[in-house]
Amino acid sequence: MKTVSRLLAAAAAVMLVAAPAALGAGKYRSPEQHAWSFDGPFGEFDRQAVQRGFQVYQEVCAACHGIKHLSIRHLGQPGGPFEEVEINGQLMRYDNPNDNPVVAAIAAQYTVADIDDIGEPIERPGRPADRFPYPYANEAQGRAANGGAYPPDLSVIVKARHYGANYIRSLLLGYDEEAPEDVDVRPGNYYNPYMPGMLIAMPPQLQEGMIEYADGTEATVEQMANDVTHFLAWAADPHMEARKSMGMMVMIYLFGLAILLYLSYRQVWSRVKH
Amino acid sequence: MSGPSTYEPKTAFTRWLDSRLPIVRLGWDSFVDFPTPRNLNYWYTFGGILTVCLMIQIITGIVLAMHYVPHIDYAFASVERIDRDVNFGWLIRSIHAVGASMFFLAVYMHIFRGLYYGSYKAPREILWILGVVIYLLMMAAAFLGYVLPWGQMSFWGAMVITNLFGALPLIGEPLTQWLWGGFSVGNETLNRFFSLHYLIPFLIAGVVGLHIWALHVPGNNNPTGISVKTKADTLPFHPYYTVKDGFAIVVFLIIFAGFVFYAPDVLGHADNYIEADPMVTPAMIVPEWYLLPFYAILRAVPDKLGGVILMFAAIGVLFILPWLDTSKVRSMRYRPMARWFFAFFVVACLGLGWAGAELPDTKVPVLGALGVDFLLMGRVLTVYYFAYFLVIMPLLGFIEKPTARPASIEEAVLNGDKPAKAGPGAAPAAQPAE
């Protein structure tokens with residue numbers, strides 16, 4: 001079995017090395033690697049970046065892209081960008097995100113369709129428990145407003161694309177190249193080497209200084225792309241920090257248990273020749 | 001169970017119970033005093049690991065079913081709600097999704113172990129066949145479960161697999177529509193898939209019961225393949241194998257937890273986070289990794305019906321393996337030729353998996369320079385897959401000269417678990433292992 005095991009290990013190693021190379025092949029470009037604070041087993045979201053990214057989303061993306069799986073209260077839940085907020089110079093935490101005044105103020109910016117006590121359709125200011133209002137009544141309206149293309153929902157976009165956050169960031173920054181000769185860019189399309197097919201219906205969105213960050217950060221195109229991607233990474237995986245920290249405890253426990261069981265195994269089997 | 005029972009009820013209550021329902025005796029004889037060959041290695045721990053996998057899937061699945069909505073308009077959103085709002089929903093769903101992959105990882109180890117040590121041979125044919133039935137049921141459960149989140153791969157995977165039945169002559173179309181409950185994959189399909197996905201694990205649990213029953217009649221095979229002859233060849237299952245299995249299970253759980261907590265989506269496909277859209281076909285429709293080898297076999301045949309038949313034959317051939325292998329020796333430890341064919345068989349299965357993951361006309365790295373694409377690679381490996389069972393296994397029994405085997409398990413253990421040198425006590429090579 002030893003020779004066989006070795007042969008198999010070698011075969012597996014060859015495949016592990018070869019598979020990504022094969023995946024990377026293709027016409028469009030692999031995204032640029034960016035160092036994210038949420039990378040790795042101890043990585044966490046940068047709250048400031050997620051807050052800024054939410055601002056970019058609100059002011060730039062939200063006109064066309066919904067985040068229908070998120071409620072406004074999610075912004076204030078543990079691990080969310082407004083979990084801790086400064087109120088009158090004091091850092092405050094709210095166990096129930098519905099009580100969070102910053103989240104409540106964000107919710108109040110939205111107008112939400114509802115039904116009143118006598119069954120009449122009304123519009124009222126949003127509450128933290130509401131979903132983020134979706135930009136379109138239906139898909140046909142979305143297509144009609146965007147030259148036939150339907151802007152995808154962004155709730156899980158980072159998980160729904162190969163290379164995740166790096167892909168989103170590269171795509172947002174990938175507009176400044178001339179299309180090569182062999183790519184036919186028709187009206188209503190834009191050349192973007194990171195998009196599968198290299199043609200995208202979304203025009204370039206981010207322009208230097210187009211928004212004024214609440215925290216005074218300079219709104220360069222790259223800064224905005226980084227921040228909004230950071231926000232979308234949180235939106236796709238809001239419990240990432242809880243997951244990783246629980247994982248650490250589980251690993252410590254399992255390693256301890258494995259050591260104890262191994263010692264028990266040695267002890268039990270020391271009685272017999274094997 | 002093999003041998004007389006050694007259980008002695010000690011209290012008045014257990015004596016009373018034992019004469020009415022000897023369930024404690026059954027447990028004692030099966031998992032405490034059960035005589036187990038003393039030379040089982042870590043490849044034999046996957047049975048216990050698989051039991052744990054099945055229990056994890058059933059428990060997490062029951063909780064998920066409390067929150068999941070089997071409707072095409074709400075399924076995707078309900079899965080998102082599980083991930084975001086259900087208390088520890090992200091954890092339970094991650095365990096269930098990763099658990100499916102870990103279940104298959106373990107079952108492949110278990111099957112390859114059985115192939116290497118000849119665990120399918122007499123008197124364990126029924127045991128082996130029940131195992132293949134479990135494997136088939138697992139594939140059905142995994143496929144049905146993958147459809148439930150109603151992402152793009154869910155929908156298009158369901159479309160591809162159900163359409164396979166359309167290849168059958170005459171009954172193809174009505175059969176496919178009967179499976180769908182309509183004229184396409186739709187809400188009725190999702191509903192019945194959910195129902196069946198909940199049913200199959202309990203069928204698996206039932207067949208696992210038979211599998212363990214069939215194991216406990218002849219007892220375990222072992223790395224030498226030599227049958228147990230005396231009590232000195234065995235050890236009681238508890239504590240020797242409970243502690244060894246326990247250690248292996250925890251090591252397995254460490255790998256499991258590594259995926260659950262640090263890479264919950266790496267074994268899945270990104271497209272399944274896009275809600276199902278019957279109007280948009282994904283650039284590439286691929287099944288989960290554990291079904292890829294069969295996908296490659298399906299695609300190796302230019303004819304659709306032929307591909308479907310060959311794919312089912314790839315599993316069907318496992319049912320008759322006990323009668324295809326003509327060698328008198330169980331364990332490949334003493335079969336110098338078979339072990340190499342086996343090693344290439346494992347490589348072929350991995351290669352088929354790789355071919356299944358790629359577009360057929362993509363060139364294979366390195367070999368691509370010689371004009372080898374994944375379609376050709378899949379075809380060559382498919383031929384080897386079937387040749388292994390239908391040609392090599394039947395012929396080797398006549399051609400191969402097995403090496404010398406120890407006379408007993410005890411002797412193998414005392415010789416340091418190595419093939420015994422020819423000499424006093426060693427069985428002549430030509431003599432059957434039994």
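All figures in this text were calculated on a predicted structure; none of them were measured in a lab.

### Regarding the domain arrangement of chain B
As a measure of interface size, the accessible area lost when the parts come together is often cited.
All names here are of chain B.
So, step 1. If you check the domain split of chain B, you get domain 1 (32-285) and domain 2 (292-319 + 337-400).
So, step 2. The gap between the C-alpha centroids of domain 1 and domain 2 is 23 Å.
So, step 3. Listed per partner, the contact involves 19 residues of domain 1 and 20 residues of domain 2.
So, step 4. The three residues of domain 1 that bury the most area against domain 2 are Phe112, Tyr116 and Leu164, which together make up 28% of that side's buried surface.
So, step 5. On the surface where domain 1 and domain 2 come into contact, there are zero salt bridges.

### Overview of the packing of helix H6 (residues 125-147) of chain B against helix H9 (residues 187-216) of chain B
Residue and element names in this part refer to chain B.
So, step 1. Two elements in contact, H6 and H9, have axes separated by 8 Å at closest approach and are oriented at 160 degrees. As summarised for this structure, H6 and H9 are arranged roughly antiparallel, according to the angle between their axes. Classified by chirality, the crossing of H9 by H6 is left-handed.
So, step 2. Taken together, the residues of the contact of H6 with H9 sort by class into 22 nonpolar, four polar and no charged.

### Some words on the packing of aromatic side chains
So, step 1. Taken as a whole and assessed by the stated rule, the structure comprises 48 aromatic pairs over all chains.
So, step 2. Aromatic pair A:Trp36 and A:Phe38: ring centres 5.3 Å apart, planes at 20 degrees, arrangement stacked.
So, step 3. Judged by its relative accessible area of 8%, A:Trp36 is buried.
So, step 4. Given the relative accessible area of 11%, A:Phe38 is considered buried.
So, step 5. Measuring from ring centre to ring centre gives 5.4 Å for B:Phe345 and B:Tyr385, while their planes differ by 35 degrees; the resulting arrangement is tilted.

### Thoughts on the packing of helix H3 (residues 46-67) of chain B against H9(B)
All names here are of chain B.
So, step 1. In contact at an axis separation of 11 Å, H3 and H9 are set at 155 degrees when each is read in the N-to-C sense. Here H3 is positioned roughly antiparallel relative to H9, judged by the angle of their axes. Our pair here, H3 against H9, has a crossing hand that is left-handed. Contact residues: Leu54, Ile58, Ile62 and Ala65 in H3; Phe194, Tyr198, Pro201, Phe202, Ile204, Ala205 and Val208 in H9.
So, step 2. Each residue belonging to the contact of H3 with H9 can be placed in one class, and the counts come to 11 nonpolar, no polar and no charged.

### Concerning the environment of B:Leu148
All names here are of chain B.
So, step 1. Following the sequence through the fold, Leu148 ends up in the loop between H6 and helix H7 (152-164).
So, step 2. Spatially, the C-alpha atom of Leu148 lies 29 Å from that of Pro169, the residues being 21 residues apart in sequence.
So, step 3. In this structure Leu148 touches Tyr68, Ala75, Leu190, Phe193, Phe194 and His197, once residues within four positions along its chain are discounted.

### Some words on the environment of B:Thr11
Residues and elements named next belong to chain B.
So, step 1. Topologically, Thr11 is positioned in the segment before helix H1 (12-18).
So, step 2. For Thr11, a relative accessible area of 42% corresponds to the partly exposed category.
So, step 3. Note: C-alpha distance between Thr11 and Ile315 (304 residues apart in sequence) is 50 Å.
So, step 4. Of the polar contacts made by the side chain of Thr11, one reaches the side chain of Thr14; its length is 2.8 Å.

Here is what the cut-offs are and how they apply
Residues numbered from 1 in each chain as written. Chains lettered and ligands numbered in written order. Predicted model: local features only at pLDDT ≥ 70, side-chain atom pairs only at ≥ 80, totals over all residues. Heavy atoms only, no water. Domains from an automatic or database assignment. Contact = heavy atoms within 4.5 Å. Buried area = accessible area lost by both parts, 1.4 Å probe. Salt bridge = Lys/Arg side-chain N within 4 Å of Asp/Glu carboxyl O. Axes fitted to C-alpha atoms, helices over the stretch in contact; angles between N-to-C directions. Helix = DSSP H or I, 4+ residues; strand = E, 2+ residues; numbered from the N terminus. Parallel < 35°, antiparallel > 145°, perpendicular 65-115°, else oblique. Left-handed = near helix turned anticlockwise from the far one by under 90°. Nonpolar A, V, L, I, M, F, W, Y, C, P; charged D, E, K, R; others polar. Phe/Tyr/Trp six-rings, centres within 6.5 Å; stacked < 30°, edge-to-face > 60°. Buried < 20%, exposed > 50% of the residue type's maximum accessible area, 1.4 Å probe, protein only. Polar contact = N/O pair within 3.5 Å; in protein donor to acceptor, adjacent residues only side chain to side chain.

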